[in-house]
Amino acid sequence: MNQNLREQLLLLPEYFQGHLTLTLIALLLGILLSIPLGVWAAQSPRVKRPLLAIISVIQTFPSVAILALVVALLGGQIGVLPAVIALVLYSILPIARNTVTGLDSVPSEVVEAAMGIGMNPQQVLVKVKLPLAMPIIIAGIRTATVWTVGLATLSTLVGATSFGNYIFTGLQTRNLVSVTVGSIAAAAMAVILDALIAGIQWLVENRNKSINSNKCN
């Protein structure tokens, strides 16, 4: 192992911790914000189109522009806060859109049957619609996860620690080892997190299939 690679690997724990922290905080906040928005949109046709349109417009902004805009709105503050806000904004669209799609895909006869046994609308939402829509919602979370891991590399531009430290420092100093380590680390994190969430999605899908088969029997 050459000296350059050894030096880069010594920085890996710090950059890994910073990147993972940014990603998980942004995803958690994105989920907590996006799923209620998606539920609201699915239950209110008047809200659905304008809400999804606004979220889509945010997504069309270049990620660097979003970071710069957040820093400007925070009065020039740099660090973790503007990075997290920008990442949350980018994570909203796939989760909210998939929440709407998942809830809309629940068969009407299932909803009618639930109401027929005395469930009120809130119970139908919590006990019937959301569980059935969960695989699609989790698929949106998977997409948001991959996006967030990739975009978190840009948080270095606003002073937050991430694998972007490898990439941008390497580009400035023409250190290809640094760029390579940062790129591989970010890609590996995205693949691993996606695989973990895919496992959760598989469990939820099989749980729903088991419940449905038991009902049929």
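For every chain, the first residue of its written sequence is number 1, and the numbers climb from 1 along that sequence. In keeping with the model being predicted, local features are shown solely for residues with a pLDDT of at least 70 and side-chain atom pairs are shown and tallied solely at 80 or more, while totals for entire chains, interfaces and linings include all residues. Excluded from the side-chain calculations are hydrogens and water; all other atoms, namely the structure's heavy atoms, are used.

### Quick word on the overall build of the chain
For clarity, the threshold we go by: Secondary structure counts use DSSP, requiring at least four H or I residues in a row for a helix and at least two E residues in a row for a strand, with both numbered from the N terminus. Accessible area is worked out with a 1.4 Å probe on protein chains only. A residue is then buried under 20% of its type maximum, exposed over 50%, and partly exposed in between. Two residues form a contact once any of their heavy atoms are found within 4.5 Å. The charge count includes Lys and Arg as positive and Asp and Glu as negative, but it does not include His or the ends of the chains. Charge positions come from single atoms, namely NZ of Lys, CZ of Arg, CG of Asp or CD of Glu.
The secondary structure content of the chain amounts to nine helices and zero strands. Along its sequence from the N terminus, the chain presents helices and strands in the succession α-α-α-α-α-α-α-α-α. Oriented by its inertia axes, the alpha-carbon framework of the chain measures out at about 70 × 40 × 20 Å. Counting only residues that meet the buried cut, the chain has 42% of its 217 residues in that class. Look at the contacts in the chain between residues 6 or more apart in sequence, and 73% of them connect residues 24 or more apart. A distance of 5 Å separates the average location of the 12 positive side-chain charges in the chain from that of its 7 negative side-chain charges.

### Regarding a nonpolar patch on the surface
Put simply, the test is: What makes a patch is a set of residues exposed beyond 30% relative accessible area and free of salt bridges, joined within 9 Å when like-charged and within 5 Å when nonpolar (Val, Leu, Ile, Met, Phe, Trp, Tyr). The Shrake-Rupley method, run with a 1.4 Å probe sphere, supplies the accessible areas, and residue values consider only the shown protein chains as cover. In what follows, salt bridge is the name for a side-chain nitrogen of Lys or Arg lying within 4 Å of a carboxyl oxygen of Asp or Glu.
A surface patch of nonpolar side chains, amounting to about 360 Å² of accessible area, comprises Ile25, Leu28, Leu29 and Leu32. If you trace the backbone, leucine 29 turns up in helix α2 (residues 12-43).

### Considering unusual backbone geometry
Positive phi, close to 60°, is recorded for arginine 174, a residue that is not glycine. Residue position: arginine 174 is located in the loop between α8 (164-173) and α9 (176-216). A relative accessible area of 76% means that arginine 174 is categorised as exposed.

### Structural notes on the environment of proline 107
With respect to the element layout, proline 107 can be found in the loop between α5 (80-104) and α6 (108-116). By relative accessible area, proline 107 is classed as partly exposed at 33%. For the pair formed by proline 107 and leucine 132, sequence separation is 25 residues and the distance between their alpha carbons is 9.6 Å.

### Brief notes about the packing of α6 against helix α7 (residues 121-152)
Selection criterion: Axes here mean lines fitted to C-alpha atoms, for a helix over just the part in contact, with angles spanning 0 to 180 degrees between N-to-C directions. Orientation labels follow simple angle bins: below 35 degrees gives roughly parallel, above 145 gives roughly antiparallel, 65 to 115 gives roughly perpendicular, and whatever is left gives oblique. Note on convention: the crossing is left-handed when the near helix lies turned anticlockwise from the far helix by less than a right angle, right-handed when the turn is clockwise. Basically, the charged four are Asp, Glu, Lys and Arg, the nonpolar ten are Ala, Val, Leu, Ile, Met, Phe, Trp, Tyr, Cys and Pro, and anything else, Gly included, counts as polar.
One way to put it is that α6 packs onto α7 with a least axis distance of 10 Å and a crossing angle of 155°. Here α6 is positioned roughly antiparallel relative to α7, judged by the angle of their axes. Crossing angle aside, the handedness with which α6 passes α7 is right-handed. For the pair α6 and α7, contact is made by Val110, Val111, Ala114 and Met115 and by Val124, Val128, Lys129 and Leu132, respectively. In terms of residue class, the contact of α6 with α7 is made up of seven nonpolar, no polar and one charged.

### Quick word on the confidence of the model for the chain
So the rule is basically this: Per-residue confidence from the predictor is reported as pLDDT, a score between 0 and 100.
Here the chain averages 90 in pLDDT, and 95% of its residues register 70 or above. Mean pLDDT per element in the chain: α9 is the minimum at 85, and α2 is the maximum at 94.

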